[in-house]
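# Structural overview
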Amino acid sequence: MSSISQKILLMKLKTKDPEIFGHFYDLYVSRIYQFIYFKVSSREEAEDLTAETFLKIWEYIFENKKIDNLNAFTYQVARNLVIDFYRKRSQQRLIPDSDESLEQLPDTKTMPVDQRVALASDVEKLEKYLRQMKDEYREVIVLKFFDELSISEIASVLGKSNGSVRVLAHRALNTLKELVERDEK
C-alpha cells in the first residue's frame, strides 16, 4: 500500500465509520496475524492478540489520538501487545519451539503437488533458521521481508533510528546466510 493510500485510509478512519474500519481490518488482518504468529507460535494466542490489536487501534482512533504512519502504528500496537503477553507470562523467548508450521502460506490449491511439498519444506527450514536467531534479528527479517515494511516504518515500530535498523537488517541477513550455509554443509 502506497504512502498516499495509507494517508487517505487514515483520514477515512478518523471519520470513525465502522465500514471503513472493516476495510482497514481486511487489508491488515492476515499480515498482523502472521507477524504475531512468528512471535508466539500458537494459533490461539496469535488470533487473540490480533483481535486485541485491532480493538486497541479502534479505541485509539475513537479517542482522536494522533497517528502519523498507519502501517508503522499498526505493527507497533501488535508488537507492544506481544511484549505485554510475554511480560505477563514471564517468558524470555519470543518464539517457543512448536510443531505448528506457518499459517500464512500462499494459496496452494492451484499449485502442483511437488511445488506444495517443496514450499512446505522451505517454510519449515525458514522457521528453523529464524528460531536460531536473536529476537531482534528475527523481528527485522519478518518486518522487512515478510511484511514488506520500509526501513523508516521498521524504525518507528522498533523505536530505533533508520541507521540502526539498516545495520540490524544487514546483520540479520548475514546471520541467516551463515545458518543456511552451515546447514548445507
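This text goes with the structure placed above it.
As a starting point, this report considers the structure included with it. (Residues numbered from 1 in each chain as written. Predicted model: local features only at pLDDT ≥ 70, side-chain atom pairs only at ≥ 80, totals over all residues. Heavy atoms only, no water.)

### Some points on the packing of helix α6 (residues 135-146) against helix α7 (residues 151-158)
Any two packed helices are characterised by the angle at which their axes cross and by the distance between the axes. At a minimum axis distance of 10 Å, the contact between α6 and α7 shows a crossing angle of 140°. When the interaxial angle is binned, α6 and α7 end up oblique. Crossing geometry of α6 relative to α7 is assigned as right-handed. Where α6 abuts α7, its residues Glu-139, Val-140, Leu-143 and Lys-144 lie against Ile-151, Ile-154, Val-157 and Leu-158. When its residues are assigned to classes, the contact of α6 with α7 shows 6 nonpolar, no polar and 2 charged. (Axes fitted to C-alpha atoms, helices over the stretch in contact; angles between N-to-C directions. Helix = DSSP H or I, 4+ residues; strand = E, 2+ residues; numbered from the N terminus. Parallel < 35°, antiparallel > 145°, perpendicular 65-115°, else oblique. Left-handed = near helix turned anticlockwise from the far one by under 90°. Contact = heavy atoms within 4.5 Å. Nonpolar A, V, L, I, M, F, W, Y, C, P; charged D, E, K, R; others polar.)

### Description of unusual backbone geometry
In the Ramachandran plot, Lys-16 falls in the positive-phi region, its phi being about 65° despite a non-glycine side chain. Here Lys-16 falls in the partly exposed class, since its relative accessible area comes to 26%. Phi is positive for Asn-64, which is not a glycine, with a value near 55°. With respect to the helices and strands, Asn-64 occurs in the loop between α3 (43-62) and α4 (70-89). (Buried < 20%, exposed > 50% of the residue type's maximum accessible area, 1.4 Å probe, protein only.)

### Overview of α6
Its 12 residues give α6 an end-to-end C-alpha distance of 16 Å, which sits within 8% of 16 Å, the value for a rise of 1.5 Å per residue. Within the sequence span of α6, burial applies to Tyr-137, Arg-138, Glu-139, Val-140, Ile-141, Val-142 and Leu-143. Downstream of α6 by a residue or two, Glu-148 has a phi angle that is positive, lying close to 55°. (Expected span 1.5 Å × (residues − 1).)

### A word on α3
With 20 residues, α3 extends 29 Å between its outermost C-alpha atoms, agreeing within 8% with the 28 Å of an ideal straight helix rising 1.5 Å per residue. All of the buried residues in α3 are Ala-46, Leu-49, Thr-50, Thr-53, Phe-54, Ile-57 and Ile-61. For α3, the angular spread of the buried residues around the axis is 140°, confining them to a single face. Facing away from the buried side of α3 by over 90 degrees, the exposed positions are Glu-44 and Phe-62. With its phi angle positive at about 55°, Asn-64 sits one or two positions after the end of α3. (Arc of directions from axis to C-beta.)

### Things to note about the packing of aromatic side chains
Each aromatic ring pair is described using two quantities: the centre-to-centre distance and the angle formed by the ring planes. Applying the stated criterion across every chain, the model contains 10 aromatic pairs. An angle of 45° between the planes, with centres 5.0 Å apart, marks the rings of Phe-24 and Tyr-28 as tilted. Of this pair, Phe-24 and Tyr-28 are both found in helix α2 (residues 18-40), 4 residues apart, which corresponds to roughly one turn of the helix. Here the two residues Phe-24 and Tyr-28 agree in accessibility, since each one is buried. (Phe/Tyr/Trp six-rings, centres within 6.5 Å; stacked < 30°, edge-to-face > 60°.)

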